[in-house]
Amino acid sequence: MGWFDVHAHLTHPRVSPHLDAVVARARAAGVTSILSNGLNPTDNAAVRAAARAHSIVRPCFGFYPVDAVLKEMHDLGVDVPRDDDTPIPTAEAAITWVRDHVDEAFAVGEIGLDGYWVPEALWARQEDIFRALVRIALDADKAIIIHTRKRERRAFEVLVELGARRVVWHCFGGKVKLARQIAAHGHWLSIPANARRHQAFTRMLETLPRDRLLLETDTPYLGPDREHDNEPANVALTGQYAAELWSVPIDDVRAQFEDNYEAVFRARP
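Analysis parameters
- Residues numbered from 1 in each chain as written.
- Predicted model: local features only at pLDDT ≥ 70, side-chain atom pairs only at ≥ 80, totals over all residues.
- Heavy atoms only, no water.
- 1 Å grid on protein atoms, 1.4 Å probe; cavity = no way out; pocket = protein on both sides within 12 Å on 5 of 7 lines; lining within 4 Å.
- Points joined across faces, edges and corners; volume = space filled by probe spheres on them.
- Helix = DSSP H or I, 4+ residues; strand = E, 2+ residues; numbered from the N terminus.
- Nonpolar A, V, L, I, M, F, W, Y, C, P; charged D, E, K, R; others polar.
- Salt bridge = Lys/Arg side-chain N within 4 Å of Asp/Glu carboxyl O.
- Axes fitted to C-alpha atoms, helices over the stretch in contact; angles between N-to-C directions.
- Parallel < 35°, antiparallel > 145°, perpendicular 65-115°, else oblique.
- Left-handed = near helix turned anticlockwise from the far one by under 90°.
- Contact = heavy atoms within 4.5 Å.

**Thoughts on the layout of surface pockets**
It is the rolling of a water-molecule-sized probe over the atoms that shows where space remains empty.
Thinking step 1. The calculated volume of the largest pocket comes to roughly 960 Å³.
Thinking step 2. For the largest pocket, the lining is made up of 33 residues, of which Tyr 64, Asp 83, His 147, Asp 218 and Tyr 221 are closest to its centre.
Thinking step 3. Mapped by element, the contributors of at least two residues to the lining of the largest pocket are α2 (41–53) and β5 (144–149).
Thinking step 4. Residue composition of the lining of the largest pocket, grouped by class: 13 nonpolar, 10 polar and 10 charged.

In structure tokens:
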């Protein structure tokens, strides 16, 4: 049995120069799958290269919901901090990239709706792009990895409307009450590696159905401590925390998460 990380950014500038060492530490911690999520066509291509270089890396192709309307935001004079200065193509070109390469993807993600950075004037445009990407995933029978911020309820409504079932909600930041509704509908929610110091994630681990939970790191963000970049190896620490909260042996926790992983991705980690 092994651990897995359903949401990491191995192509991030703080990670990619040290990728071999990061993957080696993950293997040493018992991690058998790392899902590297793409943000745009350039990043998706880098994700694909990382997966080809490391057998435990699973490529996920997506279009980050802020990137999806970045040009329009600039036109409105809204500046968004980014980790690199990679030019973002048109939404149509990015959607086409995902459609053309979806057969190579382990999952489609990350995609979603973001109302934290994106002004309301662009929400309709952002939702149109989100819908197009969800349909690509559904047509290809791929699981979907969701990013939402301040638009969790609307993203859920769209996914239900479109009939998406194999959905992972990454780093869910909405109310725990809505998380329970999402789990009851049959979607999964992934818990980051900062759960021990984050009350809402602890509450989700304690109260959500255990068969609707997954593990993630969001590498290099959301680590167990604020002093160091996060890494996929740290999912093992979250697993240990779950064992403490559930008062069950660590092997039972690992088996539960493996079953959940297989259910949504139809693969063994």
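Next, the rest of the story.
**Points about the pattern of salt bridges**
Thinking step 1. For the structure shown, the criterion picks out 19 salt bridges.
Thinking step 2. Across the pair Glu 104 and Arg 48 runs a salt bridge whose closest N-O atoms are separated by 3.6 Å. Taken as a pair, Glu 104 in the loop between α4 (91–101) and β4 (107–114) and Arg 48 in helix α2 lie far apart in primary sequence, 56 residues in all.
Thinking step 3. The closest approach of N and O atoms between Asp 75 and Lys 71, which form a salt bridge, is 3.3 Å. Remark: Lys 71 and Asp 75 occur in helix α3 (residues 70–75); sequence separation between them is 4 residues, near one turn of the helix.
Thinking step 4. Each member of the salt-bridge network shares a partner with another, and the members are Glu 127, Arg 131, Arg 151, Arg 154, Glu 157 and Glu 161.

**Section: the packing of helix α9 (residues 235–246) against helix α10 (residues 250–265)**
Thinking step 1. Contact pair α9 / α10: the axes reach a minimum separation of 9 Å and the direction vectors enclose 115°. Of the possible angle classes, the one that applies to α9 and α10 is roughly perpendicular. Regarding α9 and α10, the two cross each other, and that crossing is right-handed. In this structure, α9 contributes Gly 239, Gln 240, Ala 242, Ala 243 and Trp 246 to the contact, and α10 contributes Ile 250, Val 253, Gln 256 and Phe 257.
Thinking step 2. For the contact of α9 with α10, the residue count by class is 6 nonpolar, 3 polar and no charged.

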